[in-house]
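# Topology and contacts: notes
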Amino acid sequence: MFLKRIALLNYKNLTDVNFEFDAKINCFVGKNGVGKTNVLDAIYHLAYGKSYFNPLALQNIRHGAEYFMIEGEFDKNNRPEQIVCSLKKGQKKILKRNGKLYEKFSDHIGFIPLVIISPSDSDLITEGSDTRRRFMDTVISQLDAEYLFQLIQYQKVLGQRNALLKYFALNFTYDHDTLSVYNEQLANLGQPLFEKRQAFVTEFTPIFQKHHQQITGQAEQVQLHYESDLFTATLLDLLNNSINRDKQLHYTSTGIHKDDLAFLIDEHPIKKFGSQGQQKSFLIALKLAQFEFVKKQSGEKPILVLDDIFDKLDESRVGQLIAMVNQEEFGQLFISDTHAERTETIVKNTQQSYKLFHL
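Just so you know, these numbers come straight off a predicted model, no measurement behind them. (Residues numbered from 1 in each chain as written. Predicted model: local features only at pLDDT ≥ 70, side-chain atom pairs only at ≥ 80, totals over all residues. Heavy atoms only, no water.)

## A short note on the pairing of strand β8 (residues 114-117)
To keep things clear, this is the line we draw: Only protein chains enter the area calculation, which uses a 1.4 Å probe; residues under 20% of their type maximum are buried, those over 50% are exposed, and those in between are partly exposed. Segments assigned H or I by DSSP are reported as helices when at least four residues long, segments assigned E as strands when at least two residues long, and all are numbered from the N terminus. Here, strands pair whenever DSSP counts at least two bridges between them.
Covered by surrounding structure in β8 are Leu114 and Ile116 together with Val115 and Ile117, the residues of both alternating faces. Pairing of β8 with strand β12 (residues 303-306), which is carried by 4 bridges, proceeds in the parallel orientation. Note that in β12 the partner of isoleucine 117 across the bridge is leucine 306.

## Quick notes on the environment of glycine 277
Tracing the sequence through the fold places glycine 277 in helix α9 (residues 276-298). Residue glycine 277 is classed as partly exposed on the basis of its relative accessible area, which comes to 41%. Along the chain, glycine 277 and glutamine 221 lie 56 residues apart, while their C-alpha atoms are 15 Å from each other.

## A few points about unusual backbone geometry
A positive phi is found at phenylalanine 172, a non-glycine position, where the angle reads about 50°. Mapped onto the secondary structure, phenylalanine 172 falls in the loop between α4 (145-171) and α5 (176-216). A residue is classified by how much of its surface remains accessible, and phenylalanine 172, at 80% relative accessible area, is exposed. With phi around 70°, histidine 250 is a residue other than glycine that occupies positive phi space. The residue histidine 250 is located in the loop between α7 (243-249) and β10 (260-265) in this model.

Below is the structure:
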């Protein structure tokens, strides 16, 4: 699996650009603000049908333009695959594979395996539980279409239950039977999602710990701990028992949509007890574990995108990381950096083919 070329029209600050890529290493270099990260985000967009950095789709259209379009040509199992993603103001976003329109974007997830490492990954540590749930869901959904379908259905029913709770409050009414229907639907959908998340964390954690040890070479121990109300009771019981609280809050206060993935270093939250360097190493190890996990489960080498990687690690660590592409388990690599000489020196040492793009 590798990306052969990409064409961008009106994507963020990029008006009309085309790139032909090397099958191994591709580097985008230039000053801050010229669009290096935007090219990498366009590659991510082709894999996931959305931006990694900006969830508001309209804001990915270049200022003053009416639409954006991203077109990429991949080589997957020695077969060409064309993916096109476009959005016009006032219309729905479009995603196509080989000219055929996807009815559901979720059908595309997992077709282009890709892992990105970016300075914005710090949100996984600093922000709320929703960012860490999203990380779990993203990894599992790349490999399990049924999980993604059930997750979408769960969110749909959850929205309906929350709307009903708000209706009760606004109209000073209550309908136990209707609420019970939503409770049963959430329970039926939520239980298998909980079990798959639990199985994922169990299998993923030792892979993560291995990569953390390789990166740091230090004795500190890191852990991932899955936190869920469903460890204490069934989801149906939780929903029934929380009804008085939910009526007061006007939303559903318990369920898998409240799960978290605790990041620990020596049994303590890394957000509070980890240094900046420890947090950076933790996140790099997390994403490399994602790469290995997806590769192992899918049988394909994901595309690896390293955005502004020198912001996260010193040059020697980056050199070690880039050198890993010499190993057979890595495939195509994309890098962005502000210093062309620094990047070229490191990638030359890999003895791999590469292209350097000056923006």
